[in-house]
Amino acid sequence: MKKVEATVARIASYIVNEDLLPGKTILMCVPAFLRGVEEDVSMVENNPTVVIDCHSESCGSALMGLIGIPPAARIYIPDVVSQTGLIAGKNRQVLDPVGNQLAQEVARRVAKAGKWMLEEAHYNFEKRKAKVIGQTLCKFSEEAVDSLNYIEVEPAIYRPKSMPPLWDGWPGIYER
Amino acid sequence: MSVEKVVIYPCGGIGLHVSCVTRQAGYLLEEELLKLDVEILDMHRLIRGMPDEIELVERYPTIILDGCAHQCGSSLFWLLKIKPAARIYIPDIIAETNLFPGRARKVLEESGQRLAREVALKTARMVKGMRESPGYHYHSQKVRGDDLTLCDYEVDVEEALGYIKIAPGVYRPRDMNPLPGFEEKGTEG
């Protein structure tokens, strides 16, 4: 939450949750997950997760790698910035207009991935249990993210190699 | 000056409206009220293992802003075997002030903004006491992040951290330093 990009990710999540896919998405609260709040544990175990990574530290992806639940997709904000030329702006409390535009672009990509998972009959998500025993936090490791073996689905949208294809699995047919 | 800096840990949640209040309070403290005296803790970077974030919670006293009854901020500190210097519990502040987080998460409504400011002002008073009272001391702690059991809701966090109530919405672990400005005679509340 130190960087403005964190506010961009937060606002993008609200745009998806309230405006683009209302009633079809839930927001994972990381502190509540670690606490063991049942709703937050079961939502990531039983549903595909889209991670929004704000920057190269990739905290969201690393946590999912750590608990053994690969995200179904990942939106990488630095790529959205390069692709669109939009920046996060300077205001963390309330985003600047340009930051809001960036949040809209991030949200659009999250919703695209989410909509695919919700609507495609081929999409096959397998439930997984989170690894919660004998865990290590606060130890930086590249491995946590590298182990996900992300492949690019389209600019700024990735999925772990081990997870079901999105539209990248159906080139030329399902591109939208 | 007793401590160089105080760390503010807004709970870091996203779903509940009150998480926007703790975040806003953190930004008010860092950007407006106490620019050089405080630094916000980013819990996502902490659990990721970023060295600057770990150093922050080890070296400086932390005030946790727990947004809801799950007390996730306090829970994370318990999990990592460190103690906050103090904790502000937002449900108590809501009861005290009759201000509510409101229904808007993207930008807080008037009531949510006022609640965030109340939280920030109470926290600022605590920070000033820690920074300015010669009697206030903080001993550095060590984060222990190995061999953890995550998602264990059975733990009674308030008991595990030994919280005692100092004033409405203000708590500290029993074995941490008394809070200047809150615990001297005639200054409670």
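Before any of the text, the structure's been laid out above.
Predicted model, so just to flag it, every value in this text is computed and none were measured.

What counts as what
Residues numbered from 1 in each chain as written. Chains lettered and ligands numbered in written order. Predicted model: local features only at pLDDT ≥ 70, side-chain atom pairs only at ≥ 80, totals over all residues. Helix = DSSP H or I, 4+ residues; strand = E, 2+ residues; numbered from the N terminus. Rg over C-alpha atoms; globule rule 2.2 N^0.38 Å. Buried ≥ 20, exposed ≤ 12 C-beta atoms within 10 Å, placed from the backbone. Contact = placed C-beta atoms within 7 Å. Axes fitted to C-alpha atoms, helices over the stretch in contact; angles between N-to-C directions. Parallel < 35°, antiparallel > 145°, perpendicular 65-115°, else oblique. Left-handed = near helix turned anticlockwise from the far one by under 90°. Pairing = 2+ DSSP bridges. Nonpolar A, V, L, I, M, F, W, Y, C, P; charged D, E, K, R; others polar.

S.K.: Run through the overall build of chain B, naming residues and quoting values.
M.R.: What chain B contains, in helices and strands, is seven helices and six strands. For chain B, the C-alpha radius of gyration of 15 Å lies close to 16 Å, the compact-globule estimate for 189 residues. Expressed as lengths along the three principal axes of its C-alpha atoms, the size of chain B is roughly 40 × 40 × 30 Å. Classification of the 189 residues of chain B by burial places 53% in the buried group. Sequence-distant contacts, at least 24 apart, represent 68% of the contacts inside chain B between residues at least 6 apart.

S.K.: Give me the packing of helix 1 (residues 4-20) of chain A against helix 6 (residues 97-119) of chain A: which residues, what numbers.
M.R.: For any two helices packed against each other, the geometry comes down to the angle between their axes and how far apart the axes lie. Residues and elements named next belong to chain A. At a closest axis distance of 8 Å, the pairing of helix 1 and helix 6 adopts a crossing angle of 50°. Between helix 1 and helix 6, the angle is such that the two are oblique. Considering only the axes of helix 1 and helix 6, their crossing is right-handed. Of the residues in helix 6, those in contact with Val4, Val8, Ala9, Ile11, Ala12, Ile15, Val16 and Leu20 of helix 1 are Gly99, Asn100, Leu102, Ala103, Gln104, Val106, Ala107, Val110, Ala111 and Gly114.

S.K.: Lay out the sheet that holds strand 6 (residues 170-173) of chain B in plain terms, naming residues and giving numbers.
M.R.: All names here are of chain B. The six strands are arranged 2-1-3-4-6-5 in an open sheet whose pairing can be described as mixed. Both edges of this open sheet fall to strand 2 (38-40) and strand 5 (163-167), since each of them pairs with a single strand only. If you compare each strand with its neighbour and ignore which way they point, the axes differ by 25° on average. Relative to strand 3 (residues 62-66), strand 1 (residues 6-10) runs parallel, the two being bridged by four bridges.

S.K.: Residue-level account of the interface of chain B and chain A, with values.
M.R.: Listed as interface residues are 40 residues of chain B and, on the opposing side, 34 residues of chain A. Every element with two or more residues in the side of chain B that touches chain A is listed here: helix 1 (17-33), helix 2 (43-48) and helix 4 (72-79) of chain B. Taken together, the residues of the side of chain B that touches chain A break down into 20 nonpolar, 11 polar and nine charged.

S.K.: Describe the pairing of strand 3 (residues 150-154) of chain A, and please don't skip the residues or the numbers.
M.R.: Residues and elements named next belong to chain A. Sheet topology places strand 3 next to strand 4 (residues 157-160); four bridges connect them, and they run antiparallel. Looking at strand 4, one finds that isoleucine 151 is bridged to arginine 159. Between strand 3 and strand 4, which pair antiparallel in sequence order, lie two residues; one of them, alanine 156, sits at a positive phi of approximately 80°.

S.K.: Any details on the environment of Glu142(A)? Residues and values, ideally.
M.R.: Residue and element names in this part refer to chain A. With respect to the element layout, glutamate 142 can be found in the loop between helix 6 and helix 7 (143-146). Judged by the 9 C-beta atoms lying within 10 Å of it, glutamate 142 falls in the exposed class. The spatial distance from the C-alpha of glutamate 142 to the C-alpha of proline 48 is 23 Å, given a sequence separation of 94 residues.

S.K.: Quick one: what's the story with the sheet that holds strand 2 (residues 73-76) of chain A, residue by residue and with numbers?
M.R.: Residue and element names in this part refer to chain A. One open sheet holds the four strands; their spatial order is 1-2-4-3, and the pairing between them is mixed. In this open sheet, the two edge strands, each paired with only one partner strand, are strand 1 (50-53) and strand 3. Averaged over all pairs of adjacent strands, the angle between strand axes in this sheet comes to 30°, irrespective of strand direction. Helix 4 (residues 59-66) contacts strand 1 and strand 2 of the sheet and is inclined by roughly 140° relative to strand 1.

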